[in-house]
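The primary structure of each chain is shown beneath.
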Amino acid sequence: MSIVFVPKKLRGKVEINQETIQRLLDENDQLIRCITEYMQKGRAVECVQYQQILHRNIVYLATLADASHDTTAPSVSSSSSTSASIPPVNGHRGPS
């Protein structure tokens, strides 16, 4: 069972740290391997089950990343300062 599925009584009490995130990433790696194996064997039903768990894990990790980014990202006061800091790509600075 995925570690993302935490009983309601424990929600908010589970500490999110680097070890927890790494376990989720390891679990996702294993899920992808299982999905690939079942796809090669033509077992679509099993694929769907694992894809749903993988999707939940990825959404959970993205939510954590967004929350972390919101608390650590510096605020930008004007849009002109952000376009000036964008490095050129293939010799082009992008839209102005």
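This structure is a prediction, so every number in the text was calculated from the model and none was measured.

Here is what the cut-offs are and how they apply
Residues numbered from 1 in each chain as written. Predicted model: local features only at pLDDT ≥ 70, side-chain atom pairs only at ≥ 80, totals over all residues. Heavy atoms only, no water. Helix = DSSP H or I, 4+ residues; strand = E, 2+ residues; numbered from the N terminus. Buried < 20%, exposed > 50% of the residue type's maximum accessible area, 1.4 Å probe, protein only. Contact = heavy atoms within 4.5 Å. Phe/Tyr/Trp six-rings, centres within 6.5 Å; stacked < 30°, edge-to-face > 60°. Expected span 1.5 Å × (residues − 1). Polar contact = N/O pair within 3.5 Å; in protein donor to acceptor, adjacent residues only side chain to side chain. pLDDT = per-residue confidence, 0-100. Disulfide = S-S within 2.5 Å.

Q: When you look at the overall build of the protein in this model, what are you seeing that I'm missing?
A: Scanning the protein for helices and strands turns up three helices and zero strands. Mapped in sequence order, the helices and strands of the protein form the string α-α-α. Across the 96 residues in the protein, those meeting the buried criterion constitute 16%. Counting contacts in the protein only where the partners sit at least 6 residues apart, residues at least 24 apart contribute 50% of the total.

Q: Would you mind showing me how to read the packing of aromatic side chains here?
A: Ring pairs (aromatic) are described by centroid distance and by the angle formed between their planes. If you walk through the whole model with that rule in mind, you get one aromatic pair. Taken together, a centroid distance of 5.8 Å and an interplanar angle of 5° make the contact between tyrosine 38 and tyrosine 50 stacked. Here tyrosine 38, found in helix α1 (residues 18–40), pairs with tyrosine 50, found in helix α2 (residues 44–72); they are 12 residues apart in sequence, far enough to count as distant.

Q: How should I be thinking about α1 in this particular structure?
A: An α-helical segment advances 3.6 residues per turn. Residues three or four places apart therefore align on the same side. For α1, which comprises 23 residues, the first-to-last C-alpha distance of 33 Å matches the rise-based estimate of 33 Å (1.5 Å per residue) to within 8%. Its side-chain oxygen at 3.1 Å from the backbone nitrogen of glutamate 19, asparagine 17 defines the N-terminal cap of α1. Looking one or two residues beyond α1, the residue adopting positive phi is glycine 42, at roughly 75°.

Q: Looking at this structure, how should I read the confidence of the model for the protein?
A: It should be kept in mind that the predicted coordinates are not to be read in detail where pLDDT is low. Of the residues in the protein, 57% have a pLDDT of 70 or more, and the chain-wide mean is 75. Of all helices and strands in the protein, the one with the weakest mean pLDDT is helix α3 (residues 79–84) (45), whereas α1 scores best (94). Residue range residues 77–96 is modelled with pLDDT below 50. Its contacts to residues more than four positions away, or to other chains, number six contacts.

Q: It is not clear to me how the state of the cysteines should be interpreted in this structure. Could you clarify?
A: What makes a disulfide is a covalent bond joining the sulfur atoms belonging to two cysteines. Considering all chains together, one arrives at zero disulfides under this definition. You can see cysteine 34 has no disulfide; the closest cysteine sulfur is in cysteine 47, sitting 9.7 Å from it. Since its relative accessible area comes to 5%, cysteine 47 is described here as buried.

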